[in-house]
Amino acid sequence: MENNKELRLFGFVVDRRERGILSDSKTFLGGFFSEIKGLSRAGGVEKVFLLFGIPLFKSELRVNKLRSFYLLGLRICSFSVESEVAKELEQVTKGVPVKTVLGRKNVVVINTNSGEASLMLMFFWDSFLSRCGISSKEEYVVICAKRYLVDMVKFYFPEVRAVQYDSGFMKSRVAFEDAGQWRIHWLFPSTYFRDLEEISIKSPRHFLVWMRDYFGFEISGMRLPDSRMVAKTWASLQRKLSPQLLKSLNDGRLLIFAPEALTMSPLGDGKIKEISDSMNDLGYDVYLNTSNPIDKNYLTFPELWCLASRARGIVGLRSGLLDFLLNTRRPMVVYYTPHVSGRGDGAEWSVSVCSLKKVLQVAKCADNSRRIVEVCVNGSSDKISLSRFSEVFAEN
């Protein structure tokens with residue numbers, strides 16, 4: 001187990017939570033009661049409730065769409081959720097006509113984070129659709145678990161019908177292959193991440209190499225967002241930006257700063273301020289990115305891409321957002337911290353599996369990787385001032 005947390009009262013463990021590769025567990029009152037929720041080897045999910053370590057009750061959902069319940073190890077009932085999933089799909093895609101192919105309607109499901117989605121759109125989208133037997137936009141609809149995923153898909157492929165939905169079968173993350181008249185294509189099934197994490201612990205493997213080999217796709221260049229969407233987004237964004245920010249942009253003095261990440265340990269307020277101050281000391285103005293939609297500085301992924309592609313450069317903690325901004329071809333200073341789960345050996349392990357320079361090298365865009373500086377941050381004493389890397393933002 002990894003990323004463990006516990007609450008003690010007078011030295012007694014009253015609440016312990018453990019997060020592992022295949023399962024998460026919660027233990028209460030020193031083991032009196034436990035709950036284990038995890039992914040089965042076959043890709044299904046199960047939840048087990050234990051009393052003094054003895055399995056009391058279990059629910060299970062398999063990839064064959066069979067939901068079962070067990071009491072003291074004995075199955076008490078089972079039923080198919082196929083009709084339930086098919087009904088969900090009909091409701092979610094209502095008003096979106098999908099052409100039937102070989103008796104089925106195709107739906108592509110994206111339930112992942114921004115990094116994986118970005119690289120799939122840049123490198124593998126056409127290959128993925130071809131493998132699914134999809135040859136035109138009328139033959140499928142895309143269902144995304146998050147709004148920003150819809151924005152990303154439409155930024156690259158405005159003709160694609162994409163909708164947001166994050167309930168029911170989407171939350172279970174069980175990769176059903178079909179339901180009723182629907183053929184379901186999971187872009188990243190839960191087994192993808194399980195297998196990647198297992199391999200990365202034994203022997204660090206870069207995630208783009210893993211993605212390429214997992215799907216068996218070739219990389220042939222790096223796709224850019226749709227030029228019409230870029231123009232449309234930029235025209236709208238200019239009306240949203242302040243005159244001061246636009247002036248900094250036009251004067252070549254604007255740096256994008258993105259200090260948030262889901263998978264890297266936080267930099268901390270002190271280091272964020274130190275980095276920001278060092279940008280100002282070098283004569284740059286800073287756009288501080290935020291993931292909070294109600295913040296006045298919040299920009300959507302497409303808006304941020306349009307701003308970043310015109311900025312002097314990008315500075316940030318390694319995140320999926322930086323994957324999305326990689327094909328802006330702007331200079332970058334990227335900070336790496338230990339993985340938030342505690343896996344691996346510090347920030348150096350994070351670089352070995354997440355390096356942005358390696359993305360460009362694997363994609364045969366190595367010439368642009370020279371404009372990326374990667375910095376490991378393991379502790380409070382590490383020097384992170386941008387003044388050490390100012391040359392990366394110098395004029396060509």
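See the structure shown above.
Residues numbered from 1 in each chain as written. Predicted model: local features only at pLDDT ≥ 70, side-chain atom pairs only at ≥ 80, totals over all residues. Heavy atoms only, no water.

Enquirer: Help me understand the overall build of the protein chain, please; the structure alone is not making it clear to me.
Expert: Broken down by element type, the protein chain carries 13 helices and 18 strands. Taken against the 2.2 N^0.38 rule, which gives 21 Å for 396 residues, the C-alpha radius of gyration of the protein chain at 23 Å falls within 12% of a compact globule. Based on the C-alpha atoms only, the size of the protein chain along its principal axes is roughly 70 × 65 × 40 Å. By the burial criterion, 50% of the 396 residues in the protein chain qualify as buried. Accessible surface, the protein chain: about 19,000 Å² in total, of which carbon and sulfur atoms supply 53%. Each charge class in the protein chain can be summarised by its mean position, and for the 55 positive and 44 negative side chains these summaries are 3 Å apart. (Helix = DSSP H or I, 4+ residues; strand = E, 2+ residues; numbered from the N terminus. Rg over C-alpha atoms; globule rule 2.2 N^0.38 Å. Buried < 20%, exposed > 50% of the residue type's maximum accessible area, 1.4 Å probe, protein only. Areas by Shrake-Rupley, 256 points an atom, 1.4 Å probe, with all protein chains shown as cover. Lys, Arg positive; Asp, Glu negative; His and termini not counted. Charge placed at Lys NZ, Arg CZ, Asp CG, Glu CD.)

Enquirer: How should I be thinking about the sheet that holds strand S17 (residues 332–336) in this particular structure?
Expert: Where strands meet in a sheet, backbone hydrogen bonds hold them as pairs that are either parallel or antiparallel. Read from one edge of the open sheet, five strands run S15-S14-S16-S17-S18, paired in parallel fashion. Two strands lie at the open edges of the sheet, namely strand S15 (285–288) and strand S18 (372–376), each paired on one side alone. Between one strand and the next, the sheet's axes are offset by a mean angle of 20 degrees, whatever the strand orientation. (Pairing = 2+ DSSP bridges. Axes fitted to C-alpha atoms, helices over the stretch in contact; angles between N-to-C directions.)

Enquirer: Sorry, what's going on with the pattern of salt bridges here?
Expert: Pairing of side chains with opposite charge becomes possible as their charged atoms draw close. Applying the stated criterion across every chain yields a total of 15 salt bridges. In this structure, Glu60 engages Arg62 in a salt bridge whose closest nitrogen and oxygen atoms are separated by 3.1 Å. For Arg62, a relative accessible area of 32% translates into the label partly exposed. Here Asp213 and Arg212 are joined by a salt bridge, their closest N and O atoms 2.9 Å apart. Among the charged side chains, a network of salt bridges with common partners joins Lys247, Asp251, Arg253 and Asp285. (Salt bridge = Lys/Arg side-chain N within 4 Å of Asp/Glu carboxyl O.)

Enquirer: Any chance you could explain the packing of helix H7 (residues 227–238) against helix H10 (residues 301–308) here in plain terms?
Expert: Packed helices, taken two at a time, are described by the angle between their axes plus the distance between the axes. The contact between H7 and H10 brings their axes to 9 Å, and the two run at 85 degrees. Between H7 and H10, the angle falls in the class roughly perpendicular. For the pair H7 and H10, the contacting residues are Val230, Thr233, Trp234 and Leu237 in the first and Pro302, Glu303, Trp305, Cys306 and Leu307 in the second. Of the residues assigned to the contact of H7 with H10, the class counts are seven nonpolar, one polar and one charged. (Parallel < 35°, antiparallel > 145°, perpendicular 65-115°, else oblique. Contact = heavy atoms within 4.5 Å. Nonpolar A, V, L, I, M, F, W, Y, C, P; charged D, E, K, R; others polar.)

Enquirer: I would appreciate a short explanation of the sheet that holds strand S10 (residues 140–144) in the present structure.
Expert: What the five strands build is an open sheet, ordered S11-S10-S9-S13-S12; its pairing is mixed. The open sheet has two free edges, formed respectively by strand S11 (162–164) and strand S12 (178–179), since each of these has just one partner strand. Two elements, S10 and S11, share three bridges in a ladder whose sense is parallel. From the neighbouring strand, Ile143 faces S11, where its bridge partner is Val163. Taken strand by strand, helix H2 (residues 114–131) contacts strand S9 (105–110), S10 and strand S13 (182–186), and its axis lies near 145 degrees from that of S9. On the sheet, helix H3 (residues 147–156) packs against S9, S10 and S11 and is oriented at approximately 170 degrees with respect to S11.

Enquirer: For this particular structure, what's the right way to read the environment of Val150?
Expert: Relative to the helices and strands, Val150 resides in helix H3. The exposure class of Val150 is buried, given its relative accessible area of 2%. Between the alpha carbons of Val150 and Ile110 there is a distance of 9.1 Å; along the sequence they are 40 residues apart. Here Val150 is in contact with Cys144, Ala162, Val163 and Gln164, once residues within four sequence places are set aside.

Enquirer: Can you help me understand the packing of aromatic side chains in this one?
Expert: How two aromatic rings sit relative to each other is set out by the distance from centre to centre and by the angle between their planes. Applying the stated criterion across every chain, the model contains 23 aromatic pairs. The interplanar angle of 70 degrees and the centroid separation of 5.8 Å between the aromatic rings of Phe155 and Trp305 together place this pair among those described as edge-to-face. Within this pair, whereas Phe155 is found in helix H3, its partner Trp305 is found in helix H10, the two being separated by 150 residues in sequence. A residue is classified by how much of its surface remains accessible, and Phe155, at 0% relative accessible area, is buried. The interplanar angle of 85 degrees and the centroid separation of 4.8 Å between the aromatic rings of Tyr192 and Tyr214 together place this pair among those described as edge-to-face. Here the residue Tyr192 occupies a position in helix H5 (residues 190–202), and Tyr214 occupies one in helix H6 (residues 207–215), the gap between them amounting to 22 residues. (Phe/Tyr/Trp six-rings, centres within 6.5 Å; stacked < 30°, edge-to-face > 60°.)

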